[in-house]
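Here is how the chains run, residue by residue.
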Amino acid sequence: MGFYKEQSVGFEDPVLIRYADEEHVEDSQRGKRPDNVYSNGGPSRRSSIDPAAALPVTYRTMSMEIDETYDRKTNQDLKMAGAKAAQDLAELDWHIVSRSELFTRLSTSPVDGLTTAKVKCRLAELGKNAPSRPPSHFVRDWLSYFFGGFGFTLLVSSILVLVSWKPLGQPPDVANLALALVLFGVFVIQGGFNAWQDFSSSRVMASITGMLPDECQLLREGNRITTAATEIVPGDILLFHAGSKLPADIRFIEISSDTKFDRSILTGESIPLPATVDSTNDNYLETSCIGLQGTFCLSGTGVGVVLATGDRTVFGKIAKLASQPTTGMTTLQKEVYLFCIVIGTVMAIMIAVVLIVWGAWLQRDHPGWITVPTLIVSCVSVAVSFIPEGLPIAVTASLTITANLMRRNKILCKSLKAVETLGSVSVICTDKTGTLTMNNMWVVECATGDLRMPRQLAIDRSFTENDKRLSNTALSQLGSVASLCNAGEFDITTCGLPLANRKIIGDATDQAVLRFAETLGSVAEVRAMWNKRFELPFNSKNKFMISVFSIAKDIGRDVALSAAESEEFTEDELLLTIKGAPDIIIARCNRYIDRHGVSCPLDSNTRDVIENIKDKWSREGKRVILLARKTLPWTTAEASSKDFGKEVLEHARSGLTLVGMVGIMDPPREEIPRVISSLRRAGIRIFMVTGDFALTAEAIARECRIISNTPDRIHDVSSLQHYDTAADLCSDRISSIVISGSELTTLSDTQWTKLCQYDEIVFARTTPEQKLRIVKEFQSRDEIVGMTGDGVNDAPSLKAADIGIALGSGSDIAIEASDMVLLDKFDAIVEAVEYGRVVFDNLKKTIAYLLPAGCFAEFWPIITYIVLGLPQILSSFLMIIISCFTDCVAATMLAFEKPESDVLLRPPRRTKEDHLVSWRLILQAYFFVGTLQTICSFAMSYWYLQRKGIPFSTLWLGFGAIPEGISFDYYTQKLNEASSIYFVNLVVMQWFNLMAVRTRRQSIFQMPPAFNKKTQNLYLFPAILFSLLMVFFWLYIPTFQSALGTTTVPAIHFFLPMCFGFCILLLEEGRKYIVRKHPEGLLAKCAW
């Protein structure tokens, strides 16, 4: 078993993907591919390493070094790690050995796969197919924890104040020492909180990615099984299809002719690489017969044998060479930090003003008023008063808390950016199948020729009284094509169960058709009668699937063909079967099987009947699948060759015999109408984007309430030509339109503008490129677009959208491309949008709470001290306590606020207009609440001094002069008491401000903070209690009183600020009432 260690090459999950829907057999490239998309996550679907920049370069470097190694024909030691990895890969010969030698080396079988005993043995020796932990950057991380944000400012401030204590202090002021220690303590606490927050966020994101499914299909002991990707070992036979991500390095042993892979995660190149069975290059990294871990199958199907797992894959080796990049800030964090930079700039200007005033005036005219140590403390006080120290902490905490809440609701955000983007989504484009519908399809009707019949009648007519299958009948031929032209497989472990309960491996459409075929006769028996020579899987461009067979048992002719055709069919002929969209295939048919099982010419009358059946089923919301066949001459070309595929496609263009049609019902999810209504009330427009026929799409859209108008009021593409948008679309009526993908290609920019103004849109028969175009067109018109989907063809638009939303049951590539995954039900999207808006609301509330006391009311005591010669009525030490203790905890608790009841009744936020910190919020925080708090605090402090014999008139422009008849000690003691009163006044009034900012529009009675589980935030009360404890801790302990100049406060000065705070709460209640009653009034326009 040591052989695998030497020959195998790691497993690390990629996070960068590029997509091209190149699913034709032809090699021509059609259209451009979308931009790269980066994403985060865990080891199954997402990786913690973003190799976007490093991997393509490293991959190409290694590739060239492999070629150089071949040229040198030596095994010299290479100095660089990348070159060493390249040499290891150069020694591999998996791609050039014969298939028989390949299976011998790996001790496996292409027919049976590995045995359970071998799997256990290899797992024990090689370990699970999982990545190694990425390297940690302990020192760098901890430096960022402590010195990021405002940490550096706090540390510098602490050092400056310490210097003002000693050696500059003459004599040293113990209060300055205490201030320096507190600033340093805040510096340490903030760094520790950042570290804890990072750890908590990592844990949340790890738990999110751990919930994502990650399975693959293997062949073991002759049975096709589904297992976790971590359980794969070298020698396993892996089955893959379009949309699959390879979980390990493999050698292709069987592929369809259209199989192509996206290697852009490794190469950085956008062109998909065709897969081959035989080697095309001596370079292991460049050959087309090797599938590398982490790459995506864009089209086709195939089988491969696993060569390497874990850290022995190519990706694993390269990932070790790539260091983890720095994670960038989200848009919201950037906006917050921009605000902090503005505040910091104003702070620097004010400090400069203080220094200029001191140097140009105070030092000359009042030399004893402000000494150098006092000046340093004053500058630090300005910095502390301006900087909202709790804001960066509150931002990160809010996003993480919200992501955690969404996780509990089975809404998985892969990045914190996804949380905030949801709040501003204005358009959601959603796929139909599997997203709006249950993806639980059943054939409910079928048609042979001009005869329609329900499912049960078809079953009854397929067998004799002795339950023997009838031959040469229309239904036997329909069942045979449905069995043969089908990528679905019954899971062998459930074969003993009733048909309805059997598990089928395959997509929903194939499952429905295969179950129906089984009711018409044994699928296994039919498949045993024919040998498959070629298969072209269904894809979103061709909209059909082709399978080609040669006869294995003579009885197969009687089951699959009409009596006349059965007699003429020879062993030298092939049977082409095709299944797909009626509008694509029916034009290629020139014959059909009538109700009696006879092949007849397809005349115009019969064609019209068939078209009418198709349209009727479509209007009823059924998916219509047409099945046809054709007899082909024998060919000597290899079935896996491109020539054979091209020849088959050419034959499939004409001369087909229409065998029948099936009508498949895929009912909408129960919750969809309710979800659509909720999102509409939130001002979000919901559009259906599907590849289905227009009539089917319209019927399902009406069931889902995406379309609410009657058929006569639904517009089509002609409506975009002749009416005035302003006159029609801007009316009170809801406007609806159904438009197909082919019609989209003909639209001008003006027509796109008209189209984008509709309230209800169904985009039918769209290709992946057209879905991408739809997203881009809405984005170009300043819409924030969300895209939901679960299939391979949804991946480009999921990546291009502002936020891509996939379902947990979706394909690998769809989940990889998305920013958010809904694990349970589609109605979780309403909660996701709600939480996205709540994040923005709660951060606004946090800022509105922090600014009045922690910034505005702290700043004015310093200005009046320096400019007006008044005593500093709030000490610098107590400023620090407010900014970093009493306010910070309460601000963070606002992140737990529940959504206001009108959060989903407002229009989406316009990101270019409605910023986190707007002039309205500044008006509220500074000039309303902040001004009231400042005036009340000044009034209480100076009123107290007035009553103690120190009138305000004696302090105005006093510049330190002590009033006559008052001793210095008495004067100092009363100033300390006034400072403590100012502090208590701010702390208590902030309790009421906390209750006021909980809601932006609603009354506190509509959203009480307690006794109502839907609205309560019980974390606020411990935060209030904590601020009260801080008051008693710093003001009532004798040791602190003597060292810091704090004092006890008369009881009346606890109750008076309660009255002031209650007045602020009442004024806020009145303002909110007027805003609710007059949403277009002046107050509403000024409301934050």
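Residues numbered from 1 in each chain as written. Predicted model: local features only at pLDDT ≥ 70, side-chain atom pairs only at ≥ 80, totals over all residues. Heavy atoms only, no water.

S.K.: Would you mind showing me how to read the packing of helix H22 (residues 604-619) against helix H25 (residues 694-704) here?
M.R.: The axes of two packed helices give the description: the angle between them and the distance between them. Relative to each other, H22 and H25 sit at 20°, their axes nearing to 7 Å. Judged by the inter-axis angle, H22 sits roughly parallel to H25. Like other packed secondary-structure pairs, H22 and H25 cross with a definite hand, here right-handed. Here Asp 615, Ser 618 and Arg 619 of H22 come into contact with H25, specifically with Leu 695, Thr 696 and Ala 699. Residue composition of the contact of H22 with H25, grouped by class: 2 nonpolar, 2 polar and 2 charged. (Axes fitted to C-alpha atoms, helices over the stretch in contact; angles between N-to-C directions. Helix = DSSP H or I, 4+ residues; strand = E, 2+ residues; numbered from the N terminus. Parallel < 35°, antiparallel > 145°, perpendicular 65-115°, else oblique. Left-handed = near helix turned anticlockwise from the far one by under 90°. Contact = heavy atoms within 4.5 Å. Nonpolar A, V, L, I, M, F, W, Y, C, P; charged D, E, K, R; others polar.)

S.K.: Explanation requested: the nonpolar core in the structure shown.
M.R.: Taken as a class, soluble globular proteins show a tendency for nonpolar side chains to be buried jointly. Within the largest apolar cluster, 155 residues are counted, with the highest numbers of intra-cluster contacts made by Met 406, Leu 422, Leu 679, Met 820, Ile 829, Phe 877 and Phe 983. Among the elements that make up this core, the one with the highest residue count is helix H33 (residues 828-867) (23 residues). When residues of this core are sorted by domain, at least three fall in each of domain 2 (333-406 + 833-1086) and domain 3 (411-437 + 669-721 + 733-824). Beyond its immediate stretch of four places on either side in the chain, Leu 679 contacts Ile 428, Ile 684, Ile 686, Ile 829, Val 830 and Val 833. Of all hydrophobic cores here, the second largest spans 32 residues; its members include Phe 687, Phe 763, Leu 772 and Phe 778. (Core = buried A, V, L, I, M, F, W, Y, C linked by side-chain atoms within 4.5 Å. Buried < 20%, exposed > 50% of the residue type's maximum accessible area, 1.4 Å probe, protein only. Domains from an automatic or database assignment.)

S.K.: Sorry, what's going on with the packing of helix H12 (residues 372-386) against H33 here?
M.R.: As a packed pair, H12 and H33 sit with axes 8 Å apart at the nearest point and diverge in direction by 155°. Viewed along their axes, H12 and H33 adopt a mutual orientation that is roughly antiparallel. In the crossing of H12 with H33, the sense of the turn from one axis to the other is left-handed. Residues Thr 374, Ser 378, Ser 381, Val 382, Val 384, Ser 385 and Phe 386 of H12 form the contact with H33, whose participating residues are Gly 854, Cys 855, Glu 858, Phe 859, Ile 862, Tyr 865 and Ile 866. Classifying every residue of the contact of H12 with H33 by side-chain character gives 8 nonpolar, 5 polar and 1 charged.

S.K.: Would you explain the packing of aromatic side chains in this entry?
M.R.: Ring pairs (aromatic) are described by centroid distance and by the angle formed between their planes. A full pass over the atoms with the stated rule returns 26 aromatic pairs. Where Trp 530 meets Phe 569, the ring centres are 5.7 Å apart and the plane angle is 75°; that geometry is what we call edge-to-face. With Trp 530 in strand S18 (residues 530-536) and Phe 569 in the loop between helix H20 (563-568) and strand S20 (573-580), this residue pair connects regions lying 39 residues apart in the sequence. When its relative accessible area of 4% is taken as the criterion, Phe 569 is described as buried. A network of ring pairs unites the aromatic residues Phe 856, Phe 859, Trp 860, Tyr 926 and Phe 927 as a single cluster. (Phe/Tyr/Trp six-rings, centres within 6.5 Å; stacked < 30°, edge-to-face > 60°.)

S.K.: Any chance you could explain the confidence of the model for the protein here in plain terms?
M.R.: The predicted coordinates ought not to be read in detail in places where the model reports low pLDDT. Scored by pLDDT, the protein comes out at a mean of 82, with 85% of its residues at no less than 70. Ignoring residues within four places in sequence, the model shows residues 73-79, a span with pLDDT below 50, making 8 contacts including any to other chains. (pLDDT = per-residue confidence, 0-100.)

S.K.: Sorry if this is basic, but what is going on with the sheet that holds strand S8 (residues 273-274) here?
M.R.: Hydrogen bonding along the main chain pairs the strands of a sheet, whether they run parallel or antiparallel. With antiparallel pairing, 3 strands are arranged side by side in an open sheet as S8-S7-S10. Lying at the two open borders of the sheet, with one neighbouring strand each, are S8 and strand S10 (296-299). For strand S7 (residues 260-262) and S8, the ladder comprises 2 bridges, and the chain directions are antiparallel. Of the residues in S8, the one forming a bridge with Phe 261 is Leu 273. (Pairing = 2+ DSSP bridges.)

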